[in-house]
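Residue-level listing of the chains:
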Amino acid sequence: MIKIQHIYKSYRKVDALKGLSLQIPQGSIYGLIGPNGAGKTTLIRILAALLAPTRGEVWFDGEEVVRQPALIQRKVGYMPDFFGVYPDLTAVEYLEFYAGIHGIPRKKQASTVNDLLELAEMCTDIAIIQGGQLVVAGDVEHVTRRIGGGRQIEIRVLERVPETTALLKEIEGINNVTRKW
Amino acid sequence: MTFAALLTKELRLRLRRERTIWVLISYLLVMTLLGFLFISRNNPSNGYTVSTLGYGLYTLLVFVQLSLIMFITPAFTTTSINGEKERQTFDLLLCSRLSAFELVAGKLVAGLANAFLLIAASIPLFSLVFFFGGVGPAQVLQTTLVFIVTAIVVGTFGLFCSTLLKRPPVSTAIAYMFCIMWVITPWLLSFLLQLNVPFNNNAQATLIFIGNPILAMISTFTLGPGSPLGSYSFYGTSLAPWITFIIINLLLTIVLLLLSVWLVKPNPIGRLSRLMEKRRPKDKVVATT
């Protein structure tokens, strides 16, 4: 459950959030809709413990976000609207890296990555597991900078799948298959 | 495991860049060229014996290598953290199981691995000195330790600048300024205060030069009995300048590393003030829908 109590966030003279209060019960899906500059990104960054509110409190499963940022960040799946990719990693290496920093054991990484790529139809004829090793070809082998923008967004979404519990934003540009999950 | 994943990614990215191989090639070429010029100009017809030639070559290579380490190592770490922010990948690292220490240590180890690669690559060149003679293995070991500690200090300061400053060009400039000040300041002060640089029993000069890499490197050379460089005395124990250099700079490294760990996570000032204030009892939220 997420509980937001009278939060304010100011950037110098600009008030991004003014006394916002909100409760999001567990298991529910909420969408934040608003024009540019309405404070959507600010709110999501506060919920992900990436930004501290100027005033007010945010609670996530009974823990205050600003007091337990590391704990909250482990629970939250966060996908920003603008993001970068590492230019010289293949899609598989990219996903394995995120699997690693999200604590997925090395033995499970190959199968997890393969499942995710299958989900995105990136490996219909290209990812084969032989003797526990992932043998790849085609799109998956290309470094991320050579993959088109839409594909990069897909990879970014996929990397969130194992851990996502709460937050996802800006899914424009993702193909229908990826959107399904 | 999270640390290993970050380190693997960093090493992959760094070693796949063309720049890495060109830096390595240029580094070895500069050292080789200077060494070759030295040998070709100073031959036995100029009054050089084989052992003095070896000693001279070693001296030249040591100071060229020290300068190159100070010049190149900051480039490996000064954009580690703020580069991630600029690339807009940093938030995703924060929202993972990586702790602040793992994040900083992973970046530092990857950056230093590049510096150590350069040091290791120069070992065959240094081994040429043994062919001429005049230098002992103990001296080479002391020199290598000074190289390694210099790389660690400069690399850690670069990483600290990267966590502290938002813009990569600014953090790079500050790190290089630190390197220059670190080397030059003691010599400048000793000149302005008219201290004797060979500082036997001079308390002021002893303090000024305590962390200086150039003096530490000079002290690794065998200067014979009654060396003008003298030694530092701590609680009755006499320590050579290169040993105090290592101790002082490793302590500085630990401080910089801890500061980087604190600064790398969001809202460091807010966290500090919360740490200072008395921890209030946790108010558990009762779910109300």
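Residues numbered from 1 in each chain as written. Chains lettered and ligands numbered in written order. Predicted model: local features only at pLDDT ≥ 70, side-chain atom pairs only at ≥ 80, totals over all residues.

With that settled, consider the overall build of chain B. Counting its regular elements, chain B contains 13 helices and 2 strands. Burial statistics for chain B: of 289 residues in total, 34% are counted as buried. The contacts in chain B between residues at least 6 apart in sequence include a share of 79% that link residues at least 24 apart. (Helix = DSSP H or I, 4+ residues; strand = E, 2+ residues; numbered from the N terminus. Buried ≥ 20, exposed ≤ 12 C-beta atoms within 10 Å, placed from the backbone. Contact = placed C-beta atoms within 7 Å.)

What follows deals with the interface of chain B and chain A. The partner chain A presents 32 residues to the 32 residues of chain B that form the contact. Within the residue set of the side of chain B that touches chain A, elements represented by two or more residues are α1 (2–16), α5 (90–94) and α13 (268–276) of chain B. Tallying contributions element by element places α1 of chain B first for the side of chain B that touches chain A, with 8 residues. Looking at side-chain class alone, the side of chain B that touches chain A contains 13 nonpolar, 9 polar and 10 charged residues. (Nonpolar A, V, L, I, M, F, W, Y, C, P; charged D, E, K, R; others polar.)

The next subject is the nonpolar core. L47, A48, V58, V65 and L95 of chain A are the most contacted members of the largest nonpolar core, which has 90 residues in total. Each of two domains, domain 1 (2–75) and domain 2 (91–180) of chain A, supplies a minimum of three residues to this core. (Core = buried A, V, L, I, M, F, W, Y, C linked by C-beta atoms within 7 Å. Domains from an automatic or database assignment.)

All names here are of chain A. Averaged over all residues, the pLDDT of chain A equals 70, while 66% of them reach at least 70. The element-level mean pLDDT for chain A is lowest in strand β5 (residues 127–130), coming to 36, with strand β1 (residues 2–11) highest at 89. This model gives residues 123–140 a pLDDT under 50, and the stretch forms 33 contacts once residues within four places in sequence are excluded. Between residues 153–181, whose pLDDT stays under 50, and residues either more than four places distant or in other chains, the model counts 59 contacts. (pLDDT = per-residue confidence, 0-100.)

Our next topic: the sheet that holds strand β3 (residues 55–60) of chain A. Residues and elements named next belong to chain A. The 4 strands lie next to each other as β2-β1-β3-β4, forming an open sheet whose pairing is antiparallel. Where the open sheet ends on each side, the last strands, each with one partner, are β2 (14–24) and β4 (63–64). Taken together, the 7 bridges between β1 and β2 define a ladder with antiparallel strand orientation. By the bridge assignment for β2, I4 is matched with L22. (Pairing = 2+ DSSP bridges.)

All names here are of chain B. Counted at 1.5 Å a residue, the expected span for helix α9 (residues 168–192) with its 25 residues is 36 Å, and the 34 Å between its end C-alpha atoms agrees. Where α9 is concerned, the buried positions are S171, T172, A175, C179, W182, P186 and S190. Two residues or fewer after α9 comes Q194, characterised by a positive phi angle close to 55°. (Expected span 1.5 Å × (residues − 1).)

All names here are of chain A. We note that R12 has phi near 50°; this positive angle belongs to a residue other than glycine. Here R12 is to be found in the loop between β1 and β2. Note on R12: 5 C-beta atoms within 10 Å, which makes it exposed. Within the chain, D61 stands out as a residue other than glycine whose phi angle is a positive 50°. Locating D61 in the fold gives a position in the loop between β3 and β4. Note on D61: 16 C-beta atoms within 10 Å, which makes it partly exposed.

What follows concerns the confidence of the model for chain B. Predicted coordinates in regions of low pLDDT should not be interpreted in detail. Residues and elements named next belong to chain B. On average, residues of chain B carry a pLDDT of 84, and 87% of them reach 70 or more. In this model residues 285–289 is a low-confidence stretch, pLDDT under 50, and it forms 7 contacts with partners more than four residues away in sequence or in other chains. Interface scoring of the predicted complex returns ipTM 0.77; its pTM is 0.80.

Residue and element names in this part refer to chain A. Pairing analysis gives 5 bridges linking β1 to β3, with the strands arranged antiparallel. Each bridged residue has a counterpart across the sheet, and for I2 the counterpart in β3 is F60. Between β3 and β4, which pair antiparallel one after the other, the connecting turn spans 2 residues, and D61 there sits at a positive phi close to 50°.

Now for the packing of helix α6 (residues 100–121) of chain B against helix α12 (residues 241–264) of chain B. Residues and elements named next belong to chain B. Relative to each other, α6 and α12 sit at 120°, their axes nearing to 9 Å. Here α6 lies oblique to α12, going by the angle between them. Crossing angle aside, the handedness with which α6 passes α12 is right-handed. Counting all contacts with α6, which are made through A100, F101, L103 and V104, the residues of α12 involved are L257, S260, V261 and V264. Grouping the constituent residues of the contact of α6 with α12 by class yields 7 nonpolar, 1 polar and no charged. (Axes fitted to C-alpha atoms, helices over the stretch in contact; angles between N-to-C directions. Parallel < 35°, antiparallel > 145°, perpendicular 65-115°, else oblique. Left-handed = near helix turned anticlockwise from the far one by under 90°.)

Helix-helix packing is characterised by the crossing angle of the two axes and by the distance between the axes. At a closest axis distance of 7 Å, the pairing of helix α3 (residues 91–101) of chain A and α1 of chain B adopts a crossing angle of 150°. Classified by the angle their axes make, α3 of chain A and α1 of chain B are roughly antiparallel. Note on packing geometry: the crossing formed by α3 of chain A with α1 of chain B is left-handed. Between α3 of chain A and α1 of chain B, the residues in contact are E93, F97, G100 and I101 of chain A and T2, A4, A5, L6, K9 and R12 of chain B, respectively. The class makeup of the residues in the contact of α3 of chain A with α1 of chain B is 5 nonpolar, 2 polar and 3 charged.

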